[in-house]
Amino acid sequence: MGYMTEERRMIQATAREFAMKEVLPIANELDRVKGDIPMSLRDKMAGLGYFGMRIPEEYGGLGLGAFEYIIVAEELARAWMSVASIIARGNGLGGGFTREQRQAYLPRMARGEFLGAVALSEPEAGSDLANVQCKATLDGDEWVINGNKMWCTFADGADFMTVLCRIGEMDPARRHAGTAQFFFEKERGTLPPGISGTPIHKIGYHGWKTWELRFEDFRVPLSARLSADRGDDAGFKGAMGFLETARAHTAARSIGLARGGLEDATAYAKQRVQFGQPIAKFQAIRFKLAEMAAEIEAARQLNYFVCDEIDSGRRCDKEAAMAKWFASEMSERVTSEALQIHGGYGYTTELPIERYWRDARLTKIFEGTSEIQLRIISDRVIGDR
């Protein structure tokens, strides 16, 4: 039996229609001027349940698996990767919540009313997340947070934030220990007192802002610490624990971008006439399109396998790293070839192909760089870990 059941095909078809009719026109208009994802579009996504796909039905979500989640992500990314990414700000967060917090927050997350931002990386802690230096110090019945964070997307627009901090002195033998994540609500559209920030000037991933943040004596209650009963390394483990699904999500976004490039390049090749015939008639162009299609399908099938493993409860950190690495590297190649097929028109902001190309480049960096994925894979292949 194949991966794609009738129910999954229906989910895919609905997402594809929504992406092409609702998301793509908005992306084509707003990305070039670095406009934000409109609230009206977010409301439509919420109506389709996209913010609660992986949230259990008892909390108002759809109770679906990683497989359905990445199907939708691919379709949305084909139109605008940022829209495919914002659904993770409901589905992908909430780890470490108590039962009371789940009851209070998950239904709102599922409705798209309560979306979050995550502050993990720092100027000296990116791939090496165990090097986190942002400090949370206990002061009576409060934690006081001081330090810098980098690459916090949606910090201003989020309704809540989680931040990874060091709560003890770093032990060189156990650098991941002495860490904790803190959760706090905030007013949408602004940064709370005690947190200041500067938007980072990105070459892509528009639709929302990514921030450099500074915490200065920012106070949260004792209850803000997540998973306080799970050991002194709960912060680091919590930050790393969701990565299999996050990497499958990135692979799906990469595939969606590449598919956008392939579909646009195919349509252009059929209508662009040179030397008296459509350029799709030339073997050089035909073979480019064939290779692009084959690479996209290979990445998709690998990602399907990974998500099936995740939904079956089997560990697949090696395979998830493979899917993320292969899909992101593929996406940059394919979108670059798609731009090449468009010729000079591809190197303008008049067509969406340059957006796919810019955004595809990012997929090789976030959720673990390509080099980090290769390290994970090689560790498993060689048997070092």
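Computed from a prediction, not measured in an experiment: that's the story for all the values here.

A. Looking closely at the nonpolar core. Of all hydrophobic cores here, the largest spans 95 residues; its most connected members are M45, L76, I145 and F182. Residues in contact with F182, not counting those within four places in the same chain, are A136, W143, I145, M161, T162, V163, C165, I167, V220, A224 and R225. With 11 residues, the next largest nonpolar core counts I55, F97, Y105 and L226 among its residues.

B. Quick look at the pattern of salt bridges. Within the structure shown, the criterion is met by 32 salt bridges. A salt bridge links R358 to D31, with the nearest nitrogen and oxygen atoms 2.9 Å apart. Residue R358 is found in helix α11 (residues 353–363), and its partner D31 is found in the loop between α1 (6–30) and α2 (39–47); the two are separated by 327 residues along the sequence. Looking at R358, the relative accessible area reads 15%, which means it is buried. Looking at D31, the relative accessible area reads 2%, which means it is buried.

C. Structural view of the packing of α1 against α2. The geometry of α1 relative to α2 is characterised by a closest axis approach of 11 Å and an angle of 165 degrees between their N-to-C directions. As summarised for this structure, α1 and α2 are arranged roughly antiparallel, according to the angle between their axes. By crossing handedness, the relation of α1 to α2 is classed as left-handed. For the pair α1 and α2, contact is made by F18, E22, V23 and I26 and by L41, K44 and M45, respectively. Residues that form the contact of α1 with α2 fall into these classes: five nonpolar, no polar and two charged.

D. The arrangement of the pairing of strand β3 (residues 142–153) in detail. As judged from the five bridges shared by strand β2 (residues 135–139) and β3, these two strands associate in the antiparallel manner. Its bridge partner lying in β3, K135 is registered against N146. As defined by bridge partners, β3 adjoins strand β7 (residues 210–221) across nine bridges and the pair is classed as antiparallel. Opposite G147, over in β7, you have F215 as the bridge partner.

Conventions used here
Residues numbered from 1 in each chain as written. Predicted model: local features only at pLDDT ≥ 70, side-chain atom pairs only at ≥ 80, totals over all residues. Heavy atoms only, no water. Core = buried A, V, L, I, M, F, W, Y, C linked by side-chain atoms within 4.5 Å. Buried < 20%, exposed > 50% of the residue type's maximum accessible area, 1.4 Å probe, protein only. Contact = heavy atoms within 4.5 Å. Salt bridge = Lys/Arg side-chain N within 4 Å of Asp/Glu carboxyl O. Helix = DSSP H or I, 4+ residues; strand = E, 2+ residues; numbered from the N terminus. Axes fitted to C-alpha atoms, helices over the stretch in contact; angles between N-to-C directions. Parallel < 35°, antiparallel > 145°, perpendicular 65-115°, else oblique. Left-handed = near helix turned anticlockwise from the far one by under 90°. Nonpolar A, V, L, I, M, F, W, Y, C, P; charged D, E, K, R; others polar. Pairing = 2+ DSSP bridges.

Geometric descriptors of this kind do not, in isolation, establish any biological role.
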